[in-house]
Amino acid sequence: MKNISIAIDGPAAAGKSTVAKKVADILGFTYIDTGAMYRAFTYAVIKAGLDPQNEEESNSLIPSVTIELREDGKVFCCDEDVTRVIREPSVSSNVSYIASYKQIRLAMVDMQRKMAESRSVVMDGRDIGTYVLPKAEVKIFQIASVETRAERRYKENQEKGIPTSLEDVIEDVKKRDRIDSGRAFAPLCKADDAVELDTSHLNIEESVEAVLKIVAEKTGLEIPCH
Ligand code: DC
């Protein structure tokens, strides 16, 4: 069977990763969380005592940082398990700066394209349908209102024991929208051939079913029982 790429883009906390992971499981595809890669790089910059808001300082780590997304969902950065720490507010509030630096993006995109070369993938991010995999068979632009997104991220943080207030999460979501959409290189935007999916009033299962329906329509794939 020919490899199939499913690109799921959209703003911060729109539920992309939860939906993408489930869709990948049902289809037997590999899930690739590209946001985790930018987060891991941000963590490496902070850990090295460098300033994530300084492009030159951040770029200096490109040759030495290694990022690995393992099949079990764990994220490793320079052989350290960073799965949990990359969700901390210190990383969340700085990751948009790192993701706006062209040289860092080029390095990440290179890795992402290689990962999608030899297998079927569900890849989520901001620029997958527009830049990383412009020939993806399925492109979805998943959105939800700022309030819905902030509430989801807030609950997620609570479940993970990460201390934040709802007000802080709302501000963080708005700030990231601004930076992600406004950056010069590969900004967040809907690809012309992407299907927009508003999940403001859908729960996870309904969102997953909506994505699977689009996949079936676009590819003719028979969706396995689940
Ligand atoms: O999806 P997330 O919140 O984990 O993403 C973290 C940040 O990385 C987010 O601010 C936008 C950026 N990002 C990006 O610019 N391009 C991607 N393909 C994925 C994420």
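These numbers come from a predicted model, not from an experiment. (Residues numbered from 1 in each chain as written. Predicted model: local features only at pLDDT ≥ 70, side-chain atom pairs only at ≥ 80, totals over all residues. Heavy atoms only, no water.)

A. How the structure looks around helix α8 (residues 146-159). With 14 residues, α8 extends 20 Å between its outermost C-alpha atoms, agreeing within 8% with the 20 Å of an ideal straight helix rising 1.5 Å per residue. For α8, the full list of buried residues reads Thr148, Arg149, Ala150, Arg153 and Asn157. Elements in contact with the buried residues of α8: α2 (34-47) and α9 (166-182). Count one or two residues on from α8 and you reach Gly161, which has phi positive near 75°. (Helix = DSSP H or I, 4+ residues; strand = E, 2+ residues; numbered from the N terminus. Expected span 1.5 Å × (residues − 1). Buried < 20%, exposed > 50% of the residue type's maximum accessible area, 1.4 Å probe, protein only. Contact = heavy atoms within 4.5 Å.)

B. Region of the structure containing the state of the cysteines. What the rule picks out here adds up to zero disulfides. Sulfur of Cys77: no disulfide; nearest cysteine sulfur belongs to Cys78 and is 4.3 Å away. Assessed through its relative accessible area of 4%, Cys77 is described here as buried. (Disulfide = S-S within 2.5 Å.)

C. Quick peek at the sheet that holds strand β4 (residues 75-77). With antiparallel pairing, three strands are arranged side by side in an open sheet as β3-β4-β5. Across the chains shown, the open sheet's two edge strands, defined by having one partner strand only, are β3 (67-69) and β5 (80-81). Strand direction decides the pairing type here: β3 and β4, joined by three bridges, are antiparallel. Its bridge partner being in β4, Glu68 is matched across the sheet by Phe76. (Pairing = 2+ DSSP bridges.)

D. Spatial organisation of the layout of surface pockets. Of the voids in this model, the second largest pocket is the one considered here, and its volume is about 240 Å³. Together, 19 residues line the second largest pocket, and Pro89, Ser92, Asn157, Thr164 and Asp172 are the ones closest to its centre. Mapped by element, the contributors of at least two residues to the lining of the second largest pocket are α4 (89-92), α8 and α9. For the lining of the second largest pocket, the element with the most residues is α9, which contributes six residues. (1 Å grid on protein atoms, 1.4 Å probe; cavity = no way out; pocket = protein on both sides within 12 Å on 5 of 7 lines; lining within 4 Å. Points joined across faces, edges and corners; volume = space filled by probe spheres on them.)

E. Seen up close, the pattern of salt bridges. Summed over all chains, the structure comprises 16 salt bridges. Between Arg126 and Asp180 there is a salt bridge, and its shortest N-O distance comes to 3.4 Å. Here Asp180 lies in helix α9 and Arg126 lies in the loop between β6 (121-125) and α7 (128-132), a separation of 54 residues in the sequence. For the pair Arg126 and Asp180, a shared accessibility class is recorded, and that class is buried. The shortest N-O distance in the salt bridge between Asp193 and Lys139 comes to 3.1 Å. One end of the pair, Asp193, is in the loop between α9 and β8 (195-198); the other, Lys139, is in strand β7 (residues 138-143), with 54 residues separating them in the sequence. Asp193 gets classed as partly exposed once you look at its relative accessible area, which sits at 47%. Salt bridges linked by common partners bring Arg126, Asp180 and Arg183 together as one network. (Salt bridge = Lys/Arg side-chain N within 4 Å of Asp/Glu carboxyl O.)

F. Representation of the site of the ligand. The environment of the ligand is made up of 16 residues, and the closest members are Arg39, Arg105, Asp127, Arg176 and Arg183. Between the ligand and the protein, one listed contact pairs an oxygen atom with a side-chain N or O atom of Arg39 at 2.7 Å. In the complex, 97% of the free accessible area of the ligand, which totals 440 Å², lies under the protein chains. Elements supplying a minimum of two residues to the shell around the ligand: α2, α5 (95-98) and α9. If one sorts the elements of the shell around the ligand by residue count, α2 sits on top with four residues. Of the residues belonging to the shell around the ligand, the class tally is four nonpolar, four polar and eight charged. (Near = heavy atom within 4 Å. Polar contact = N/O pair within 3.5 Å; in protein donor to acceptor, adjacent residues only side chain to side chain. Areas by Shrake-Rupley, 256 points an atom, 1.4 Å probe, with all protein chains shown as cover. Nonpolar A, V, L, I, M, F, W, Y, C, P; charged D, E, K, R; others polar.)

G. A look at the sheet that holds strand β1 (residues 5-9). Read from one edge of the open sheet, five strands run β2-β6-β1-β7-β8, paired in parallel fashion. Looking at strand neighbours, the two that pair on one side only are β2 (30-33) and β8, the edges of this open sheet. On average, each strand axis in the sheet is inclined to that of its neighbour by 20°, with strand direction left out of account. Of the pairings in the sheet, the one linking β1 to β7 comprises four bridges and is parallel in character. Within the sheet, the bridge partner assigned to Ala7 lies in β7 and is Lys139. Relative to the sheet, α2 contacts β2 and β6, its axis offset from that of β2 by approximately 40°. Packed on one face of the sheet, helix α6 (residues 102-117) meets β1, β2 and β6 and runs near 160° to β6. (Axes fitted to C-alpha atoms, helices over the stretch in contact; angles between N-to-C directions.)

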